[in-house]
Amino acid sequence: QVQVVESGGGLVQPGGSLRLSCAASGNIFRIYAMGWYRQAPKKSRELVASITSSGSTRYEDSVKGRFTISLDNAKKTMYLQMNSLKPEDTAVYYCKADLKATTTMMLYDYWGQGTQVTVSS
């Protein structure tokens, strides 16, 4: 069984910083890529940033220069350092892991339960 668990959300003032973590655990054969998505009220879920196991990254335009994604392959943990936060960054942030489990050896997307980020004064 594979689990993907986010942590680190909370309430922060505009201009502040937060660091999100996403840990994958269980019967994992290999992680190929991970990503952060977010969903604000009444909006569709959107990709914020993604990273491959080799370190290639991709960012949504509105977060470039403010957010940094990283992946510790040994710990199977992904991070999102969010700086200069804006009210429009308020959303539930979800982690997705593209991986093969040892039980199936098939590539699937595994999602976390989400963590709330609120940027407000």
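Above this text is the structure in question.
This one's a predicted model, so the numbers in the text were calculated from it and none came from an experiment. By convention here, each chain's residues receive numbers from 1 onward along its written sequence. For a predicted model such as this one, the threshold for reporting local features is a pLDDT of at least 70, and the threshold for listing and counting side-chain atom pairs is 80 or more; totals across whole chains, interfaces and linings nevertheless cover every residue. Side-chain metrics in this entry use all non-hydrogen atoms of the structure; hydrogen atoms and water are not considered.

Enquirer: I would appreciate a short explanation of the pattern of salt bridges in the present structure.
Expert: Working definition: two side chains of opposite charge can pair if their charged atoms are close together. Counted as salt bridges are all cases of a side-chain nitrogen of Lys or Arg within 4 Å of a carboxyl oxygen of Asp or Glu. Evaluation of the coordinates by the stated rule reveals seven salt bridges. Between arginine 38 and glutamate 46 there is a salt bridge whose closest N-O contact spans 2.7 Å. Salt-bridge contacts for arginine 38 lead to glutamate 60; the nearest nitrogen and oxygen are separated by 3.9 Å. Residue arginine 38 is found in strand E4 (residues 28-39), and its partner glutamate 60 is found in the loop between strand E6 (57-59) and strand E7 (67-72); the two are separated by 22 residues along the sequence. Buried, partly exposed and exposed residues are distinguished by accessible area as a fraction of the type maximum, computed with a 1.4 Å probe on protein chains only: under 20%, between the cut-offs, and over 50%, respectively. Residue class for glutamate 60 comes out partly exposed when judged on its relative accessible area of 24%. What you see here is one network of salt bridges that share partners, running through Arg38, Glu46, Glu60, Arg66 and Asp89. Each helix is a run of DSSP H or I of at least 4 residues and each strand a run of E of at least 2, with the numbering of both proceeding from the N terminus.

Enquirer: Got a minute to help me understand the sheet that holds strand E3 (residues 18-26) in this structure?
Expert: Strand pairing in a sheet takes place through backbone hydrogen bonds and is either antiparallel or parallel in direction. Should DSSP find at least two bridges between two strands, the strands are regarded as paired. Taken together, the four strands give an open sheet; going across it, the order is E1-E3-E8-E7, and neighbouring strands pair in antiparallel fashion. Strands at the two margins of the open sheet, each flanked by one partner only, are strand E1 (2-7) and E7. On average, adjacent strands in this sheet sit at an angle of 15 degrees to one another, irrespective of strand direction. Working convention: axes come from line fits to C-alpha atoms, limited for helices to the stretch in contact. Angles between N-to-C directions cover 0 to 180 degrees.

Enquirer: Explain the nonpolar core to me, please; I cannot follow it from the model alone.
Expert: Generally speaking, soluble globular proteins have nonpolar side chains that are buried together. The nonpolar core is taken to be a set of buried Ala, Val, Leu, Ile, Met, Phe, Trp, Tyr and Cys residues, with the residues joined through side-chain atoms within 4.5 Å. Counting 31 residues, the largest nonpolar core has Trp36, Met78, Leu80, Met82 and Tyr93 as the members making the most contacts within it. Among the elements that take part in this core, strand E9 (residues 91-101) stands out by supplying six residues, more than any other.

Enquirer: So what exactly am I meant to see when it comes to the environment of leucine 11 here?
Expert: With respect to the secondary-structure elements, leucine 11 resides in strand E2 (residues 10-12). What makes leucine 11 exposed here is its relative accessible area of 65%. Spatially, the C-alpha atoms of leucine 11 and lysine 64 are 21 Å apart, while their sequence positions differ by 53 residues.

Enquirer: Honestly, unusual backbone geometry in this entry has me stumped. Any pointers?
Expert: Where the residue is not glycine, phi is negative for most of them; where a peptide bond is considered, it is trans in most cases. Phi is positive for lysine 76, which is not a glycine, with a value near 55 degrees. Looking at the secondary structure, you find lysine 76 in the loop between E7 and strand E8 (77-82). The backbone of serine 84 sits at a positive phi, close to 50 degrees, despite the residue not being glycine. Residue placement: serine 84 occurs in the loop between E8 and E9.

Enquirer: So what exactly am I meant to see when it comes to the pairing of E7 here?
Expert: Both faces of the sheet carry side chains from a regular strand, because those side chains alternate between them. Burial along E7 is one-sided: the face carrying Phe67, Ile69 and Leu71 is buried and the face carrying Thr68, Ser70 and Asp72 is not. Summarising the sheet, E7 and E8 pair through six bridges and their orientation is antiparallel. Within the sheet, the bridge partner assigned to isoleucine 69 lies in E8 and is leucine 80. Counting the residues in the hairpin turn of E7 and E8 gives four residues, including lysine 76, whose phi is positive at 55 degrees.

Enquirer: Where do I start with the environment of asparagine 83 in this structure?
Expert: Take asparagine 83: it is sitting in the loop between E8 and E9. Along the primary structure asparagine 83 and proline 14 are separated by 69 residues, whereas in three dimensions their C-alpha atoms are 9.6 Å apart.

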